[in-house]
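Topology and contacts: notes
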Amino acid sequence: MPENATAADESQRGSNSRLAAFEIAWIFLIFFIFAGSLPPDVGESHYLVKAKHYWQPAWCAEDLFLESRDAHTAFYWTFGWVTKFFSLTATAWIGRVVTWLLLAWSWRRLSWAVVPRPLMSLLSAGLLLLCLRQLHLAGEWVIGGVEAKGFAYVLVFLALQAIVKDRWRAALILAGAAGAFHVLVGGWTVVAIGMAWLMCGSSRPRLMTLLPAAAIGLLLSLPGLWPALALNQGVPKDVAHEAARIYVFERLAHHLVYSQFPAVNIARFQLLVVAWAVIAWLQRREPSVTRLQRVVAGTIVIALIGVVIDQAFVIRANMLDQSPDEYERAVAGLLRYYWYRMSDSLVPVGVALAAVWGITKLQTSKPALAAGLSMAAILLSVANLAEVNYQRRLLPVPPAIVQPNIESTRPITAKMWWQDWQAVCDWVAQETPADALFLTPREQQTFKWYAGRAEIATRKDVPQDARGLMEWKQRLTDIYPRDPEHHLHDLAAFSDAELLDLARKYRASYIVADLTRAQRRIGLPQVYPVLVEDNSSFAVYRVPEAAAP
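All figures in this text were calculated on a predicted structure; none of them were measured in a lab. (Residues numbered from 1 in each chain as written. Predicted model: local features only at pLDDT ≥ 70, side-chain atom pairs only at ≥ 80, totals over all residues. Heavy atoms only, no water.)

Quick look at the overall build of the chain
Looking only at helices and strands, one finds 23 helices and five strands in the chain. Since a compact globule built from 549 residues should have a radius of gyration of about 24 Å, the 26 Å found for the chain is in line with a globular shape. With the principal axes as the frame, the chain shows a C-alpha extent of 90 × 55 × 40 Å. With 549 residues in all, the chain has 55% of them scored as buried. A separation threshold of at least 6 residues defines the contact pool for the chain, and within that pool the share at least 24 residues apart is 74%. Working note: accessible area of the chain is about 24,300 Å², and carbon and sulfur atoms make up 63% of it. The chain carries 51 positive and 45 negative side-chain charges, and their two centres are separated by 10 Å. (Helix = DSSP H or I, 4+ residues; strand = E, 2+ residues; numbered from the N terminus. Rg over C-alpha atoms; globule rule 2.2 N^0.38 Å. Buried < 20%, exposed > 50% of the residue type's maximum accessible area, 1.4 Å probe, protein only. Contact = heavy atoms within 4.5 Å. Areas by Shrake-Rupley, 256 points an atom, 1.4 Å probe, with all protein chains shown as cover. Lys, Arg positive; Asp, Glu negative; His and termini not counted. Charge placed at Lys NZ, Arg CZ, Asp CG, Glu CD.)

Section: the packing of aromatic side chains
Two measures describe an aromatic ring pair: the distance that separates the ring centres and the angle between the ring planes. Considering all chains together, one arrives at 28 aromatic pairs under this definition. Ring centres 6.5 Å apart and planes at 75° place the aromatic pair Y54 and W77 in the edge-to-face group. Of this pair, Y54 sits in helix α2 (residues 44-55) while W77 sits in helix α4 (residues 73-78), and the two are 23 residues apart along the sequence. On the basis of relative accessible area, Y54 is assigned to the partly exposed category, the value being 25%. Among the residues examined, W77 registers a relative accessible area of 51% and is labelled exposed. Their ring planes at 70° and their centres at 5.1 Å tell us that W55 and W77 sit as a pair that is edge-to-face. Placement of W55 in helix α2 and of W77 in helix α4 is noted, with a sequence separation of 22 residues between them. Here a set of aromatic residues connected by ring pairs shows up, and it is made of Y47, Y54, W55, F75, Y76, W77, F79, F151 and F181. (Phe/Tyr/Trp six-rings, centres within 6.5 Å; stacked < 30°, edge-to-face > 60°.)

Examining the sheet that holds strand β2 (residues 454-455)
What the five strands build is an open sheet, ordered β2-β1-β3-β5-β4; its pairing is mixed. Pairing within the sheet leaves two strands with one partner each, and these edge strands are β2 and β4 (526-528). Pairing geometry for strand β1 (residues 437-439) and strand β3 (residues 510-514), over two bridges, is parallel. Looking at the pairing, F438 lines up with Y510 of β3. Of the strands in this sheet, β1, β3, β4 and β5 (538-542) touch helix α19 (residues 414-431), which is tilted by about 25° from β5. (Pairing = 2+ DSSP bridges. Axes fitted to C-alpha atoms, helices over the stretch in contact; angles between N-to-C directions.)

Section: helix α17 (residues 367-394)
The terminal C-alpha atoms of α17, which comprises 28 residues, lie 40 Å apart, in line with the 40 Å expected from a rise of 1.5 Å per residue. All buried positions along α17 are accounted for by A370, S374, A377, S381, N384, L385 and V388. (Expected span 1.5 Å × (residues − 1).)

Things to note about empty space enclosed by the protein
A full pass over the atoms with the stated rule returns two cavities of 30 Å³ or more. Estimated volume of the largest cavity: approximately 40 Å³. Taken together, D63, L64, F65, K448, E455, I456, A457, T458, D461 and W472 make up the lining of the largest cavity. Across the lining of the largest cavity, the residue classes tally to five nonpolar, one polar and four charged. Its volume calculated, the second largest cavity comes out at about 30 Å³. (1 Å grid on protein atoms, 1.4 Å probe; cavity = no way out; pocket = protein on both sides within 12 Å on 5 of 7 lines; lining within 4 Å. Points joined across faces, edges and corners; volume = space filled by probe spheres on them. Nonpolar A, V, L, I, M, F, W, Y, C, P; charged D, E, K, R; others polar.)

Description of the environment of S124
With respect to the helices, strands and loops of the structure, S124 is situated in helix α6 (residues 120-134). Under the relative-accessibility criterion, S124 is labelled buried at 0%. Separated by 114 residues in the primary sequence, S124 and D238 place their C-alpha atoms 48 Å from one another.

Considerations on the layout of surface pockets
Of the volumes computed, that of the second largest pocket is approximately 520 Å³. Taken together, 21 residues make up the lining of the second largest pocket; nearest its centre are I279, A354, A355, I359 and L373. For the lining of the second largest pocket, the elements supplying multiple residues, two or more each, are α6, α13 (263-282), α16 (341-365) and α17. Considering each element in turn, the lining of the second largest pocket owes the most residues, eight residues, to α16. Broken down by class, the residue content of the lining of the second largest pocket amounts to 18 nonpolar, two polar and one charged.

What follows is the structure, given as structure tokens:
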């Protein structure tokens, strides 16, 4: 009898393992369909070049962004070394496969903790992607390119699974570890868990039993926390305040300033929160689901605090008739902490898991309704994936190419622009010194990715430390003025003498001009292309030696 029981147990474990592998593989496929665009993604051109420079300091030396202080050391140490052995494109695909597999595995564990039914983790994953893409407030995402926060969200999902299973100590440790990769993702998750603990009343574990786990989580978060704290060490307060203002209002207002969010974003996220609140209320008698939803509620409270801060300073500025700069300096130091990041990601988590849980509960009492809701959820999830891929086919270029405004003054498709951009970058990589510094077009963020050369500055690559950020702002003001003429005509809006002055100031050896915007012929020595037919979109000019300092 024991032998038979053992054999049955082994058979069951094997069956469970095969089911787990099957579901993880399918969730991975869903993630691939959703986020499998051509590299680089919008963040990959930023994160991976920084990781490559971290391991190979001579690569793109003197690039302002790459030489600035590092804020994601744990990510560079755990994954950045891959750039030493593979191209950036290959590294992106390797990182995507690793990240998506880990996210699929952790999501499957979280989904099964809430709804232990075969294949329901696939449906919950589809609903998660639907809510993330269609109903976000501040543009946060979870499944995408290779970034530090992708690894952090793996640990966040595991922390949420621990909460569902009433394992608070494990949740705090895992959330702290998430902070090592991305201090804000992990840090806000810890705060939300703390708020959930407060909401639990008499059913919560004693604080003294949680303190050792909280201390361990804090220690694990230090690889992310310490670099973040050290970013502005030794910087005067007025410089730090101005740097925060630039960061919040001139670079990342679309993520950080509620009063500047599009009305449609606010409205659709409010609808999502209302739907979440209704579902959470209906499931309030399920302890495991309720614990998870209390963490989600914590992220909503965090977001509401951000809204209150934003609106309070807006009202104050109007009452005192403050100038925009005075208002921005007063509030930027508080708004820079991404108050809406975790609500953007965890409210979709709460809705997706609660919806699947509700459907499974209806299968016994109201099977027809459950079947109808399941079909609707499947159709919506599939439609979301289909629409993503339809948009990708309409614009078959990497997201990092799409993100900048690549409109030109003459007819050219995005794909043609991208092909010409790759061609000029390939020439630069092969024909110019490895230590050359370039003045590059405004509307691009992939020069280092394709050419492997340093550039004076780009709008995308903003340093995280105050000193670096102030220098970045000065450079952008110099080389990319905000007036309409310069924005429309790019570098060709400068005279040849002005271009030489910029080269002299920043020690640039070459200038890359976007001819799709230029309204005049630049008179500097042109070294590429030899024939117009080789590249009609871009030209490379050598800065004469006389222009050197």
